[in-house]
Amino acid sequence: APSTMYRAASGLGALKHGADTQLLNIAVRSASTSVAQRSSGGFLGWLTGARSNALPPPDFALPGVTIPPPLADHVEPGKTKITTLSNGVKIASETSPGSACSVGVYVHCGSVYETPETLGATQLLKKLAFTTTRNRSQLRVVREIGAIGGSAKASANRELMSYSYGALKTYMPEMVEVLVDCVRNPALLDWEVKEEIMKLKAELAEASSNPEAFLLDALHSSGYSGALANPLIASEASISRLNTDVLEEFLALNYTSPRIVLAASGVDHNELVSIAEPLLSDIPTATGTGKPKSVYVGGEYRRAADSSNTDLALAFELPGGWLKEKEFATASVLQVRIE
């Protein structure tokens, strides 16, 4: 009898335990459903303990926010507008969609305008771009560019020096002022000039182990007689002769108003002119040096190198160069096609 009672009690306990488990499972499912209906926070909501109502659909309109209409399938490109100041400086611009703009100062000056005494000046001036000016320290220049999320760079080639600056459109006035200051008023401090000369020499030593870097210079030095034969990569001896006085004289002769263009994309032209004219209208109108002469003579250049590879380049004269639109377009297509 006791054993029978024990079994009955055990069976009753098992039955009660099963009923409790079933009730617990129902409660958990009910609570889970309730939480799922009240909260859509997912793992992050569980982690932070936050609860929220169901998220609105993706096309839910926010109060007080107007969505602009989409752009048309075909957007007419902005027309280029050009204004020539009284001293000959040109200001060109065109509008463009988007929130960013780009401003650049371009000077018709490059290695073709260098003399034996100033060889390497354009490359050194490129290195000195956005350094100390008569109005700003180099640290201030860098901080002002970085403060608006801007990006500035300079480049130099045989016939053009360029200084460009890109940022949001709302900062266009600040961009123009800083850019013109860096181009017009470089301080050319002795220690900065010497520091950049040391960097140029280091780059020259590094490039000497890469024959491919000298191919373009070799083509010009052997193919032309005159200004176009001037090297873009000046020798160490030429760079060592450069100093502040040489650079200042080079700037005075070549950075003259008829050879300067301020161009911008993504800005209003009238606003650009109103900001830039006071900064550029007093640039001297002196013509400076005359247009350098070059004659294509053809030739061959060979150089031994400690390498298992052979680098070869062929070049041909293009009458009119890049100054004629038809030849320019044809040469550009051929260049892309060959590459």
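Calculation criteria
- Residues numbered from 1 in each chain as written.
- Predicted model: local features only at pLDDT ≥ 70, side-chain atom pairs only at ≥ 80, totals over all residues.
- Heavy atoms only, no water.
- Buried < 20%, exposed > 50% of the residue type's maximum accessible area, 1.4 Å probe, protein only.
- Helix = DSSP H or I, 4+ residues; strand = E, 2+ residues; numbered from the N terminus.
- Pairing = 2+ DSSP bridges.
- Axes fitted to C-alpha atoms, helices over the stretch in contact; angles between N-to-C directions.
- Parallel < 35°, antiparallel > 145°, perpendicular 65-115°, else oblique.
- Left-handed = near helix turned anticlockwise from the far one by under 90°.
- Contact = heavy atoms within 4.5 Å.
- 1 Å grid on protein atoms, 1.4 Å probe; cavity = no way out; pocket = protein on both sides within 12 Å on 5 of 7 lines; lining within 4 Å.
- Points joined across faces, edges and corners; volume = space filled by probe spheres on them.
- Core = buried A, V, L, I, M, F, W, Y, C linked by side-chain atoms within 4.5 Å.

Honestly, the pairing of strand S7 (residues 260-265) in this entry has me stumped. Any pointers?
Within a regular strand, side chains alternate between the sheet's two faces. Alternating residues of S7 divide into Ile260, Leu262 and Ala264, all buried, and Val261, Ala263 and Ser265, none buried. Here strand S2 (residues 90-94) runs beside S7; their pairing, made up of five bridges, is parallel. Bridge pairing in S7 places alanine 92 opposite alanine 263. As paired strands, strand S3 (residues 100-107) and S7 are joined by six bridges and run antiparallel to one another. Bridge assignment links tyrosine 106 to a residue of S7, and that residue is valine 261.

How do you make sense of unusual backbone geometry when you look at a structure like this?
Note on backbone geometry: most residues besides glycine have negative phi, and most peptide bonds are trans. At phenylalanine 130, a residue that is not glycine, the phi angle is positive and equals roughly 65°. On the secondary structure map, phenylalanine 130 appears in the loop between helix H3 (121-128) and helix H4 (138-147). Within the chain, leucine 188 stands out as a residue other than glycine whose phi angle is a positive 50°. For leucine 188, the position within the fold is in the loop between helix H5 (172-184) and helix H6 (190-207).

Whenever I open this one, the packing of H3 against H6 confuses me. Can you help?
Packed helices, taken two at a time, are described by the angle their axes make and the gap between the axes. Between H3 and H6, the least distance of the axes is 10 Å, while the angle of their chain directions is 115°. Comparing their axes, H6 and H3 come out roughly perpendicular. Crossing handedness for the pair H3 and H6: right-handed. Along its contact with H3, which presents Gln123, Leu124, Lys127 and Leu128, the element H6 presents Glu192, Val193, Glu196, Ile197, Lys199, Leu200 and Glu203.

Just checking my understanding: could you explain the pairing of S2 for this structure?
In this structure, strand S1 (residues 81-84) lies alongside S2, joined through four bridges in antiparallel fashion. Along S2, the bridge assignment pairs lysine 81 with serine 93. Two successive antiparallel strands, S1 and S2, enclose a turn made up of five residues, where glycine 88 displays a positive phi of approximately 105°.

Whenever I open this one, the packing of H3 against helix H9 (residues 244-254) confuses me. Can you help?
Between H3 and H9, the least distance of the axes is 11 Å, while the angle of their chain directions is 95°. If you check the angle between H3 and H9, you find them roughly perpendicular. Side by side, H3 and H9 meet where Ala121, Thr122, Leu124, Leu125 and Leu128 of the first sit next to Leu247, Phe250 and Leu251 of the second.

Would you mind going over the sheet that holds strand S5 (residues 161-168) with me for this structure?
Strand pairing in a sheet relies on backbone hydrogen bonds. The paired strands run either parallel or antiparallel. In spatial order, the strands read S1-S2-S7-S3-S5-S4; together these six strands make up an open sheet with mixed pairing. Of all strands in the sheet, those with a lone pairing partner are S1 and strand S4 (151-156), marking the two edges. If you compare each strand with its neighbour and ignore which way they point, the axes differ by 15° on average. Judged from the six bridges that link them, S4 and S5 form a sheet pairing that is antiparallel. In the sheet register, lysine 153 faces S5, and the bridge partner there is serine 164.

Is there a simple way to explain the layout of surface pockets in this structure?
If a probe as big as a water molecule is rolled over the atoms, it shows which places are left empty. Roughly 310 Å³ of internal volume is contained in the second largest pocket. Contributing to the lining of the second largest pocket are 17 residues, with Val183, Arg184, Leu251, Ala252 and Tyr255 lying nearest its centre. Of all the elements in the fold, those that place two or more residues in the lining of the second largest pocket are H5 and H9.

Help me understand the nonpolar core, please; the structure alone is not making it clear to me.
Generally speaking, nonpolar side chains in soluble globular proteins are found buried as a group. If you look at the biggest cluster of nonpolar residues, it comprises 51 residues, and the most contacted ones within it are Tyr255 and Leu262. Contact partners of tyrosine 255, with chain neighbours within four places excluded, come to Val107, Cys109, Leu125, Met161, Tyr163, Val183, Ile260 and Ile283.

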